Amino acid sequence: MDRRQVLTHALGGTVVMLLGPAELAWGAQLVAVRIWPAADYTRVTLESDMPLNATFFSVENPSRLVIDIEGLELSSQLREVVSKVRPDDPFIAGVRVGQNRPKVARLVVDLKQSIKPQVFGLPPVAAYQHRLVFDLYPTHAADPKLGLALPAASAPVASAPRVPASVASSASASAQSDQAAEAMNDALGDFIGGLKRPAAPAPSGDRAVAKAAPKAADDRESTLSSNNKAGAKRLVIVALDAGHGGEDPGAVGPSGLYEKDVVLSVAHKLRTLINAQPGMRAMLTRESDYFVPLHERVTKARRVQADLFVSIHADAFMNPQARGASVFALSENGASSAAARWMAKKENASDQVGGVNIKVKDASVMRAMLDMSTTAQIKDSIKLGNAILGHLGKIGRLHRGKVEQASFAVLKAPDIPSILVETGFISNPEEEAKLKDSDYQRELADALLLGIQRYFAKNPPLARNRAL
Ligand SMILES: [Zn+2]
């Protein structure tokens, strides 16, 4: 039984867990208190100059989480947490703080719904000192299709197409994800399948073969293009991944502009454009300002069986003269340039800065799964990248005229063409000013949409190997 289950099932009892190193951090000073509310989960971060030891337990009726932090005196910094709770926080109704006993501060988090907490410490990284993190996840996670703005007529039926067992097991990191994927297939598959196959459904076995054999990409395209000539249409889903978020600001411009804010804004604009296209829907891997671990971004895209994955960034480079947009795809055999390798390393560090609980089992399983072959994915990703570069080049300068490749963790969905777009260099004062401008963000979103449409025009959605 894992820790989350213990907490879920032992509500009302006392479950105590020691965190961090054994030595007590007497006299630790809080540096900052932050709360990141989101529909997925709410995070509470206590940043301090020394590692903090905490014990916690859940109490029901009313639902609350009680956290005792050793070596911490009640201070004005700690009291700040009370005023940082937002009324629209989906999980936290309020926080009370007090001195439980000498050198032990107590936080009582009053909850709006039943939660599964994850509590973990993070060592100093980037601009942060020690962090003690409380992630409050819902006991029952939301249906991923809720973010897709699907028509109401998508009620599941018993005959809904299903992912073949072999595909489902490779497509999901854990039993839990399998269930989520299956539920998704039941609910979404019927709707998409209905649009996709007005004629008799193709045998699911063929799809499984196409999926299991990436080298069959060309065959797949010719086979499915002929289907396309018959006029078959289906809903196309584009996963939009606004980089960074929450504890991870991404790059910061010379005037203080955060990458995480720019890219979220571009992603929202692009979602609006995509959802206005007939037969297209966008899914955001994050809707607001909170951190989503890299593997979770990939998992979210796979749960909705996205046709494309577009990660949006606006990074910094050591040289403030660096400018222009660039597009990256995954690499199987090393980076295409030193700069691409550097960029991938920087982006992959997002998990350390954003803060991931490395003890969560699903994450390691997911990482192992992502080592699957991605040859066909990369080929399609480069096509998509070139289509997007063509349109980005019309609205501004390109950093490099071809798709670069490196080992970006967020691009590793083996079955979804995935690219990472650096919309510009936020470290370049001129480009920072453009990236801040709402009109330019809209131009970026337009260019991304046109690139996506051009890709689909040449590679019809039916050519995708999505299993339904
Ligand atoms: Zn970035």
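Thresholds applied
Residues numbered from 1 in each chain as written. Predicted model: local features only at pLDDT ≥ 70, side-chain atom pairs only at ≥ 80, totals over all residues. Heavy atoms only, no water. Axes fitted to C-alpha atoms, helices over the stretch in contact; angles between N-to-C directions. Helix = DSSP H or I, 4+ residues; strand = E, 2+ residues; numbered from the N terminus. Parallel < 35°, antiparallel > 145°, perpendicular 65-115°, else oblique. Left-handed = near helix turned anticlockwise from the far one by under 90°. Contact = heavy atoms within 4.5 Å. Nonpolar A, V, L, I, M, F, W, Y, C, P; charged D, E, K, R; others polar. Buried < 20%, exposed > 50% of the residue type's maximum accessible area, 1.4 Å probe, protein only. Polar contact = N/O pair within 3.5 Å; in protein donor to acceptor, adjacent residues only side chain to side chain. Donors = N, O, S within 2.8 Å, 3.2 Å for Na, K, Ca; no water. Phe/Tyr/Trp six-rings, centres within 6.5 Å; stacked < 30°, edge-to-face > 60°. Lys NZ or Arg CZ within 6 Å of the ring centre and 35° of its normal.

**Quick notes on the packing of helix 12 (residues 375-395) against helix 14 (residues 438-458)**
Two quantities define a packed helix pair, namely the angle between the axes and the distance from one axis to the other. Direction vectors running N to C along helix 12 and helix 14 enclose 140 degrees, while the axes themselves pass 8 Å from each other. Taken together, helix 12 and helix 14 sit at an angle that is classed as oblique. As for the relative orientation of helix 12 and helix 14, their crossing is right-handed in sense. Of helix 14, the residues touching helix 12 (which contributes Asp380, Lys383, Leu384, Ala387, Ile388, Gly390, His391, Leu392 and Ile395) are Tyr440, Glu443, Leu444, Ala447, Leu448, Leu450, Gly451, Ile452, Arg454 and Tyr455. Here the contact of helix 12 with helix 14 is composed, by residue class, of twelve nonpolar, three polar and four charged.

**Let's talk about the side chain of Arg131**
With respect to the helices and strands, the residue Arg131 is situated in strand 8 (residues 130-138). Judged by relative accessible area, which is 3%, Arg131 ranks as buried. Polar contacts involving the side chain of Arg131 include one to the main-chain carbonyl oxygen of Val353, which spans 2.8 Å. Those residues in contact with Arg131 that lie beyond four places of it in its chain are Arg34, Thr45, Leu46, Glu47, Phe120, Gly121, Leu122, Val125, Glu247, Gln352, Val353 and Gly354.

**Quick look at the coordination of the zinc ion**
Protein coordination at the zinc ion: the donors are His244 (NE2), Glu259 (OE), His313 (ND1), Asp315 (OD), Glu347 (OE) and Glu347 (OE), at 2.1 to 2.8 Å from the metal. The exposure class of Asp315 is buried, given its relative accessible area of 2%.

**A word on the packing of helix 13 (residues 429-436) against helix 14**
Put simply, helix 13 and helix 14 touch, their axes get as near as 5 Å, and they point 85 degrees apart. Taken as axis vectors, helix 13 and helix 14 run roughly perpendicular relative to one another. Residues Lys434, Leu435 and Lys436 of helix 13 touch helix 14, and the partners they reach there are Ser438, Tyr440, Gln441 and Leu444. The residue inventory of the contact of helix 13 with helix 14, partitioned by class, reads three nonpolar, two polar and two charged.

**Observations regarding the packing of aromatic side chains**
Counting across every chain of the model gives six aromatic pairs. Between Tyr41 and Tyr290, the ring centres sit 5.9 Å apart and the planes meet at 80 degrees, which makes this aromatic pair edge-to-face. Pair noted here: Tyr41 is in the loop between strand 1 (30-36) and strand 2 (42-48) and Tyr290 is in the loop between strand 10 (280-284) and helix 8 (294-303), with a separation of 249 residues, a long-range link. Of the two residues, Tyr41 and Tyr290, neither departs from the other in class, the shared state being buried. Here the aromatic rings of Phe317 and Phe425 are separated by 6.3 Å at their centres, their planes lie at 70 degrees, and the arrangement is edge-to-face. Taken together, the residues span a long stretch of sequence, with Phe317 in the loop between strand 11 (308-313) and strand 12 (326-330) and Phe425 in the loop between strand 14 (418-422) and helix 13 at a distance of 108 residues. For Phe317, a relative accessible area of 27% corresponds to the partly exposed category. Ring pairing ties together the aromatic residues Tyr41, Tyr137 and Tyr290, which thus form one cluster. In this arrangement the basic side chain of Arg297 is found over the ring face of Phe291, its NZ or CZ atom lying 5.7 Å from the centre.

**Notes on the environment of Asp68**
With respect to the helices, strands and loops of the structure, Asp68 is situated in strand 4 (residues 64-70). With a relative accessible area of 6%, Asp68 lands in the buried category. Each C-alpha atom of the pair Asp68 and Thr55 lies 5.3 Å from the other, and the pair is 13 residues apart in sequence. With sequence-adjacent residues up to four places away left out, Asp68 is seen in contact with Asn53, Ala54, Thr55, Asn100, Arg101, Val104, Ala105 and Arg106.

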